[in-house]
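Examination of the molecular architecture
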Amino acid sequence: MALEKFARGIEEFGEIIILGAKTVKTVFTTKPDIPQISYQMVLMGSQSMNIVMVTGLFVGMVLAIQTAYTLAAFGAKLYIGEVVSVSMTRELGPALISLLVGGRVGAGITAELGTMNVTEQIDALRSMGADPVKKLVSPRLIAFVISLPILVLIANAMGVLGGYFISALELDISGKFYMNHVFRMLKFNDVFSGLGKTLFFAVFVTLIACRNGFKAQGGADGVGRATTSTVVLSAITILISNFFLTKLFLIL
Amino acid sequence: MKPFVQCSGIKKSFGSKEVLKGVDLIVEEGKTLVILGGSGSGKSVLLKIIIGLLKPDSGRIFIEGEDVTDYSEKELLSIRRKISYMFQWGALFDSMTVFDNVAFPLREMGVSENEVEERVAEKLSILGLKDAGKLFPQDLSGGMKKRVALARSIISEPKCILYDEPTAGLDPITANQINKLIRKMQQMLNITSVVVTHDIKSMFYVADKVAFLYEGIINFYGDIAEAEKSGSDTLKEFIYGGERNGV
């Protein structure tokens, strides 16, 4: 039983890798479907904007309060700008927003493609000589690879803004002083390494979601199970790969 | 008569369930073959194997004499230009309008947008869907969905159409309209047709030949008159609903 489960996991992993290889080939060898990419960017990006802004703002505020509490013990409360901005851009923004938006977008992709699969729409595409990878996977991949870093960048800015509010309103640190510290400490590399990781997260989530959608079977129940699996697998993949990608970007 | 589709010893299993146990079948060019069979007998699986959506476990598929069994998706492209498939529940793309659904095969073939508009409008008009172009599939009734699916199958002017339960779930009047269209298509354009159904009325209307798929093999193959006289009790029961056997 355990061996069977392990074998299925390996098979699933192999299918995601194969789909990834096909998609990368398609992205680089065919003309991009601009209208479809734009449509997906609206669904994935614009429509995630509110949730991303609220999350970024509140994470930044909580971070400021918690950091002030810890730093106060060392008399280092004034360094709150540095801590909030670096934590937000290097780690919290990319990981939290990717988890949040990845779950939302991944679930949406699997539910849509899964429904298409159980209603034979994917078979219909193939029967008319269209390639499902080209029509369905590559526009979603391109759209999410563009959208996710932008969303994370917005969340980072909101997080810094949240820290600004807390500093000014609760900690008696002037806004100007806080912002000076933010810009004094924050390096291009901090933002770049955070955003760099999100490119990988976007690819992982899209491939997992598309693969699960293509494999969904048995009506609403099957689509539901596939969608749940996408959310869980995407979250675990983001959390684990985050560790290795962080190491990688520190070396670079 | 030249065979357009030839299946030889087709076997297909899903898990431990063997659905097709060695199907041999010929579809003659320009004729309509009706494949009869109960629910879950593997009729739709056979259609999907013919067009290459599923691969058989063993056996060979020949299209116009060409062995296409091991063709890749890319190689199957030329076959899928010749054969179109009308899915049981239409399989219309939810995210597209009726017009875009019907236009899809032409756009895939790279036909110019002017020609696409002309041809789609013509087909929609023939099928009584003139004003439905801007609607989405969720706005359509079951009968309209079938007609849109039919329009999409004929738009690229294929040599052969595979119909999967074209009249299932329709009222008798709409079912009759679909039967007439299938017949008209075959007579006017000399299209080879394979109709999978368990609608006996439809079979009598459209069939040149009948094949009865039972327990994974072709239990009977012949024309309608032969089917009626067939010694197979199962086929008789299927056609007459048990009336003649006193069931």
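As shown above, the structure is provided for reference.
Scope of this entry: the structure provided in the associated data block. Quick caveat, the model's predicted, so the values are computed rather than measured.

The next subject is the overall build of chain A. Scanning chain A for helices and strands turns up nine helices and zero strands. Traced from its N-terminal end to its C-terminal end, chain A shows the element sequence α-α-α-α-α-α-α-α-α. When its C-alpha atoms are laid out on the principal axes, chain A stretches across 65 × 45 × 35 Å. Burial status across chain A gives 48% buried among its 252 residues. Across chain A, contacts joining residues at least 24 apart in sequence account for 86% of those joining residues at least 6 apart. With an accessible surface of roughly 12600 Å², chain A has 71% of that area assigned to carbon and sulfur atoms.

Right, let's talk about the sheet that holds strand β7 (residues 160–164) of chain B for a bit. Residues and elements named next belong to chain B. Pairing is mixed across the open sheet formed by six strands, whose spatial order is β6-β7-β8-β3-β9-β10. Both edges of this open sheet fall to β6 (83–86) and β10 (217–222), since each of them pairs with a single strand only. When the angles between neighbouring strand axes are averaged without regard to direction, this sheet yields 15°. As defined by bridge partners, strand β3 (residues 32–36) adjoins strand β8 (residues 192–197) across five bridges and the pair is classed as parallel. Paired with Thr32 across the bridge in β8 is Ser193.

Residue and element names in this part refer to chain B. Counting 74 residues, the largest nonpolar core has Leu20, Leu25, Ile63 and Leu162 as the members making the most contacts within it. Aside from chain neighbours lying at most four places away, what touches Leu20 is Ile10, Lys11, Lys12, Ser41, Gly42, Val45, Leu46, Ile49, Leu213 and Gly216. In terms of nonpolar packing, the next biggest core, distinct from the first, is built from 44 residues, Leu124, Leu150, Leu181 and Tyr240 among them.

Attention shifts here to unusual backbone geometry. All names here are of chain B. In this structure, Glu64 takes a positive phi of about 45° despite not being glycine. Assignment of secondary structure puts Glu64 in the loop between β4 (58–63) and β5 (66–67). Taking relative accessible area as the criterion, Glu64 reaches 26% and is therefore assigned partly exposed. For Glu165, which is not a glycine, the phi torsion comes out positive at approximately 45°. Along the chain, Glu165 turns up in the loop between β7 and α6 (172–189). With a relative accessible area of 5%, Glu165 lands in the buried category.

Across the contact, 19 residues belong to chain B and 13 residues belong to chain A. Of the roughly 1500 Å² buried between chain B and chain A on both sides combined, carbon and sulfur atoms contribute 55%. Contact with chain A buries area across many residues of chain B, yet Leu53, Phe93 and Glu108 of chain B alone supply 31% of it, more than any other trio. Our count for the chain B to chain A interface comes out at four salt bridges. The partner of Lys48 of chain B in a salt bridge is Glu120 of chain A, with the nearest N and O atoms 2.7 Å apart. Run the count over chain B and chain A and you get seven residue pairs in polar contact (both at pLDDT 80 or more). Of all elements in the fold, only α2 (73–82), β6 and α3 (98–108) of chain B reach the threshold of two or more residues within the side of chain B that touches chain A. Counted by class, the side of chain B that touches chain A contains eleven nonpolar, two polar and six charged residues.

Our next topic: the packing of helix α6 (residues 132–169) of chain A against helix α7 (residues 175–185) of chain A. All names here are of chain A. Two elements in contact, α6 and α7, have axes separated by 9 Å at closest approach and are oriented at 145°. Every pair of crossing elements has a handedness; the one defined by α6 and α7 is right-handed. Of the residues in α7, those touching α6 at Val160, Gly163, Tyr164 and Ser167 are Gly175, Tyr178, Met179 and Val182. A class-by-class count of the residues in the contact of α6 with α7 yields five nonpolar, three polar and no charged.

Residues and elements named next belong to chain B. Checked against the element boundaries, Thr97 lands in the loop between β6 and α3. Judged by its relative accessible area of 15%, Thr97 is buried. Polar contacts involving the side chain of Thr97 include one to the main-chain amide nitrogen of Asp100, which spans 3.2 Å. With residues near it in sequence (within four places) discarded, Thr97 still touches Gly133, Lys134, Leu135 and Phe136.

Thresholds, definitions, all that
Residues numbered from 1 in each chain as written. Chains lettered and ligands numbered in written order. Predicted model: local features only at pLDDT ≥ 70, side-chain atom pairs only at ≥ 80, totals over all residues. Heavy atoms only, no water. Helix = DSSP H or I, 4+ residues; strand = E, 2+ residues; numbered from the N terminus. Buried < 20%, exposed > 50% of the residue type's maximum accessible area, 1.4 Å probe, protein only. Contact = heavy atoms within 4.5 Å. Areas by Shrake-Rupley, 256 points an atom, 1.4 Å probe, with all protein chains shown as cover. Pairing = 2+ DSSP bridges. Axes fitted to C-alpha atoms, helices over the stretch in contact; angles between N-to-C directions. Core = buried A, V, L, I, M, F, W, Y, C linked by side-chain atoms within 4.5 Å. Buried area = accessible area lost by both parts, 1.4 Å probe. Salt bridge = Lys/Arg side-chain N within 4 Å of Asp/Glu carboxyl O. Polar contact = N/O pair within 3.5 Å; in protein donor to acceptor, adjacent residues only side chain to side chain. Nonpolar A, V, L, I, M, F, W, Y, C, P; charged D, E, K, R; others polar. Left-handed = near helix turned anticlockwise from the far one by under 90°.

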